[in-house]
Amino acid sequence: MTTVPDVAAAGAVPALRVEKVRLRFGGVVALDGPSFTIEPGHIVGLIGPNGAGKTTLFNCISRLYQPDSGRITFGDTDLLALPAARIAEAGIARTFQNIGLFPTMSVVENVLTGAYSRTRAGFVRTALGLPATRREERREREQAWSLLDSMQLAQVGLEPAGNLPYGTLKRIELARALMQQPRLLMLDEPANGLIHEEVLELAATVRALCDERGFSVLLVEHHMGMVMSISDRVVVLNFGQKVTEGEPAEVAAHPEVVEAYLGGAA
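The structure displayed is predicted, hence computed values, not measured ones.

**Q** Any chance you could break down the overall build of the protein chain for me, citing the residues and the numbers?
**A** Secondary structure assignment for the protein chain yields 10 helices and 11 strands. Burial status across the protein chain gives 47% buried among its 266 residues.

Rendered as structure tokens:
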């Protein structure tokens, strides 16, 4: 049985290491050996054309897919030895391309669902309303309100999520992921569906929270302005392979990246 370290208690941010991950779906090679590392407290953008393997790799890290070969480690934890249900416990949170909030629940109630993986009260203790359970619930609710306040969402905290605009829902989903107190936050196309001003606001929020709280970020995103403005490093995939990796300015000038995104004439 693989032991999940208490990374929050240790106070250190483990680096994510992806090593030569390969995955086939039948005769289709989805991932063909990409490798990279996310250093503690860094934001790494993972980019590439449609079908490059970005979301597939994302799903391998979060244990929705099992690679055919390769290694993925988070600190001292072998993630490929963990079931998907224990990824949050290991200190990893993620968002999805499609928003998965509960529309009839209030914003603060939606955010509180993010704390489930690290709370101690089970169904029976919660149903009995034991004092320790009530104290834990109060602490988590205070933390949820504090998080909403820091993300300028406190004013809608009691509103049903289904009544709010799309850009606000994206930030609520981010707040819910942060309630897990992750050491690695995985963002799957967070700017999808947002207007330009909302993208800028979300990018600034992610960068500020990363700097303030010290977690690492793996960002899959098609909005190049967001990726290049907040990433410490950028990894480029194409046809399941790593094309290049480096600082944003280096990557933006790489000939194969220009070819993949703009075409040879550009």
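Here the narrative resumes.
**Q** Give me the lowdown on the pairing of strand β5 (residues 69-74), citing residues and values where you can.
**A** Across five bridges, the pairing between strand β1 (residues 16-25) and β5 is antiparallel. In the strand pairing of β5, Arg 22 is matched with Ser 69. Bridge analysis of β5 against strand β6 (residues 77-78) gives two bridges, and the strand direction is antiparallel. By the bridge assignment, Phe 74 is partnered in β6 with Thr 77. Joining the antiparallel neighbours β5 and β6 is a turn of two residues, in which Gly 75 adopts a positive phi near 65°.

**Q** I'd like a description of unusual backbone geometry, backed by residues and values.
**A** For Gln 181, which is not glycine, the phi dihedral falls at a positive 55°. Note on placement: Gln 181 falls in the loop between α6 (166-178) and β8 (184-188). With a relative accessible area of 37%, Gln 181 lands in the partly exposed category. The phi torsion at Phe 239 lies on the positive side, around 50°, for a residue other than glycine. With respect to the secondary-structure elements, Phe 239 resides in the loop between β10 (233-238) and β11 (241-246).

**Q** Can you break down the side chain of Ser 106 residue by residue, with the values?
**A** Summarising the element assignment, Ser 106 is placed in the loop between β7 (92-94) and α3 (107-112). In contact with Ser 106, other than residues within four places in its own chain, are Gly 157, Leu 158, Glu 159 and Pro 160.

Reading the values: the criteria
Residues numbered from 1 in each chain as written. Predicted model: local features only at pLDDT ≥ 70, side-chain atom pairs only at ≥ 80, totals over all residues. Heavy atoms only, no water. Helix = DSSP H or I, 4+ residues; strand = E, 2+ residues; numbered from the N terminus. Buried < 20%, exposed > 50% of the residue type's maximum accessible area, 1.4 Å probe, protein only. Pairing = 2+ DSSP bridges. Contact = heavy atoms within 4.5 Å.

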